[in-house]
Amino acid sequence: SKHPKAVLALWLLAFAVLVPFAAHVQDVLKGGGFDAEKMEYYTARQRLAGLFGGFQSELVFVFEVPADATPAYFDKVDAAVAPLRRDSDVARVLSYAGTQFDPRFLSEDRRHTLALVGFHIDDFSLQQRLAELRGKVKGDGLTWRMTGAAPFNESLTDYSRRDAVRGELFAIPLVLLVLLWLFRSVPAALLPILMAAFSLVTTLGVIWFVGRATDLSLFV
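1. Digging into the packing of helix 1 (residues 4–23) against helix 7 (residues 186–213)
- The N-to-C vectors of helix 1 and helix 7 enclose an angle of 55°; their axes lie 8 Å apart at closest approach. Taken together, the axes of helix 1 and helix 7 are oblique relative to one another. The interaxial crossing formed by helix 1 with helix 7 has left-handed handedness. Residues Trp11, Leu12, Ala14, Phe15, Leu18, Val19, Phe21 and Ala22 of helix 1 touch helix 7, and the partners they reach there are Ala197, Phe198, Ser199, Val201, Thr202, Leu204, Gly205, Val206, Trp208 and Phe209.
- For the contact of helix 1 with helix 7, the class distribution of residues is 15 nonpolar, 3 polar and no charged.

Structure representation (structure tokens):
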């Protein structure tokens, strides 16, 4: 280039601007990918959910039941998920006590009971609210866990991110050793790695903007 300093300055500027967006790129990446939102079946499902009081996504809360549990215990489980009923995105909250002890909400061995929470929003939108919703469950003294498509995709996103970081922590030192052996110079060996780092961060920053406009898989 005839203007190396200007090119370097532009890269540094792009890097500085895009770093904050690259750090939050996973917020716009989606798990799943099993629904085509522009297809007729998806539109029909959304309309049916609205017309008949159904829900687009759901969370299942699994509570452990002690051996000496009484009906009061199941009332306590219902009270634990009751705050979710006041959430504007929630369509329905069902529990063992709340359904007048519907046997479908209690396992055959009576060791677990379920609370089902249906939402008006889709799984991806629900995934963005999981931490907040966990905090609303008042399960003091209760042992419980949350499952469903949104928590599954949240875990998949988290594991994918951590595996990518772990892979790079192993790969970069090996690459650096190979480059040192090839170039016999520390600055020359570091240059390709720095270029890759700059390219990666700026690309992820751009992906954040693209992900705001269209669906992108978490595997990006």
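Now, onward.
2. What about the pattern of salt bridges?
- Under the counting rule described, the total for this entry stands at 10 salt bridges.
- Close ionic contact of Lys136 with Asp87 constitutes a salt bridge, the shortest N to O distance being 2.7 Å. In this pair, Lys136 is assigned in helix 5 (residues 130–136) and Asp87 in the loop between helix 3 (71–81) and strand 3 (90–95), connecting sequence segments 49 residues apart.
- Taking the relative accessible area as the measure of exposure, Asp87 reaches 7% and is therefore buried.
- One connected set of salt bridges, linked through shared partners, spans Asp87, Asp89, Arg129, Glu132 and Lys136.

3. Quick word on a nonpolar patch on the surface
- On the surface, Val178, Trp181, Leu182 and Phe183 cluster together into a nonpolar patch covering about 450 Å² of accessible area.
- Take Trp181: it is sitting in helix 6 (residues 149–183).

4. A short note on helix 1
- An ideal rise of 1.5 Å per residue puts 28 Å on 20 residues; helix 1 measures up with 28 Å between its terminal C-alpha atoms.
- Helix geometry: helix 1 is bent most strongly at Val17, by close to 35°, with proline Pro20 lying one to four residues after it.

5. Comments concerning the confidence of the model for the chain
- Mean pLDDT over the chain stands at 87; residues scoring 70 or higher make up 93%.
- Taken element by element, the chain is modelled with least confidence in helix 2 (residues 40–51), mean pLDDT 72, and with most confidence in helix 3, mean pLDDT 95.

6. Topic: the nonpolar core
- With 30 residues, the main nonpolar core has Leu59, Phe61, Phe63, Leu84, Phe119 and Leu126 as its most contacted residues.
- Of all the elements in the fold, those that place two or more residues in this core are strand 2 (57–64), helix 3, strand 3, strand 4 (112–119) and helix 5.
- Leu126 has contacts with Ser57, Glu58, Leu59, Phe119, Ile121, Leu133 and Ala150, leaving out every residue within four places of it along the chain.
- In terms of nonpolar packing, the next biggest core, distinct from the first, is built from 7 residues, Val25, Leu29, Ile207 and Leu218 among them.

7. Observations concerning the pairing of strand 4
- For strand 4, the tally of buried residues reaches 6 of 8 residues, placing the bulk of the element in the interior.
- The pairing of strand 2 with strand 4 spans 8 bridges and is antiparallel. Directly across from Phe61, in strand 4, lies its bridge partner Ala115.
- Here 5 bridges tie strand 3 to strand 4, and the two strands are oriented antiparallel to one another. Paired with Leu94 across the strands is Leu116, a residue of strand 4.

8. Thoughts on the packing of aromatic side chains
- Per the counting criterion, the structure on display carries 9 aromatic pairs.
- Residues Phe21 and Trp208 carry aromatic rings whose centres are separated by 4.9 Å and whose planes lie at 45° to one another, so their mutual orientation is tilted. Of this pair, Phe21 sits in helix 1 while Trp208 sits in helix 7; the two residues are 187 residues apart in sequence, bridging distant segments of the chain.
- In this structure, Arg162 packs its charged tip against the face of Tyr159, placed 4.6 Å from the ring centre.

Basis of the calculations
What you see as residue numbers is a count from 1 along each chain, following the sequence as written. Residues qualify for local features only when their pLDDT is at least 70, as the model is predicted, and side-chain atom pairs are given and counted only at 80 or more; totals for whole chains, interfaces and linings, by contrast, use all residues. Excluded from the side-chain calculation are hydrogens and water; included are all heavy atoms of the structure. Geometry is summarised by axes, namely lines fitted to C-alpha atoms with helices restricted to the contacting stretch, and by angles between N-to-C directions that run from 0 to 180 degrees. Strands here mean DSSP runs of E at least two residues long; helices mean DSSP runs of H or I at least four residues long; both are numbered from the N terminus. Any angle that falls under 35 degrees is termed roughly parallel, while one over 145 is termed roughly antiparallel, one within 65 to 115 roughly perpendicular, and all others oblique. Helix crossings fall into two classes, left-handed where the near helix is turned counterclockwise from the far one by less than a right angle and right-handed where it is turned clockwise. When checking whether two residues touch, look at their non-hydrogen atoms; a contact exists if any pair is within 4.5 Å. The nonpolar class holds Ala, Val, Leu, Ile, Met, Phe, Trp, Tyr, Cys and Pro. Asp, Glu, Lys and Arg form the charged class, and all remaining residues, Gly among them, are polar. By definition here, a salt bridge exists when the distance from a side-chain nitrogen of Lys or Arg to a carboxyl oxygen of Asp or Glu is within 4 Å. The buried label goes to any residue with under 20% of its type's maximum accessible area, the exposed label to any with over 50%, and the partly exposed label to all in between, with areas taken from a 1.4 Å probe on protein chains only. Like charges are joined within 9 Å and nonpolar side chains (Val, Leu, Ile, Met, Phe, Trp, Tyr) within 5 Å, but only among residues with over 30% relative accessible area and no salt bridge; these make up the patches. Every accessible area reported is derived by Shrake-Rupley at a probe size of 1.4 Å, with residue values counting cover from the shown protein chains alone. For a helix, the expected span equals 1.5 Å multiplied by the number of residues minus one. Here the bend at a residue is taken as the angle between two axes, fitted respectively to the seven residues that end there and the seven that start there. Scored from 0 to 100, pLDDT records how confident the predictor is in each individual residue. By convention a nonpolar core is built from buried Ala, Val, Leu, Ile, Met, Phe, Trp, Tyr and Cys residues, the set being connected through side-chain atoms within 4.5 Å. A pair of strands is labelled paired if DSSP reports no fewer than 2 bridges between them. Aromatic pairs are defined between Phe, Tyr and Trp rings, using the six-membered ring for Trp, whenever the two ring centres lie within 6.5 Å; interplanar angles under 30 degrees are classed as stacked, those over 60 as edge-to-face, and all others as tilted. Only when the NZ of Lys or the CZ of Arg is both within 6 Å of the ring centre and within 35 degrees of the ring normal is a charge said to sit over the ring.

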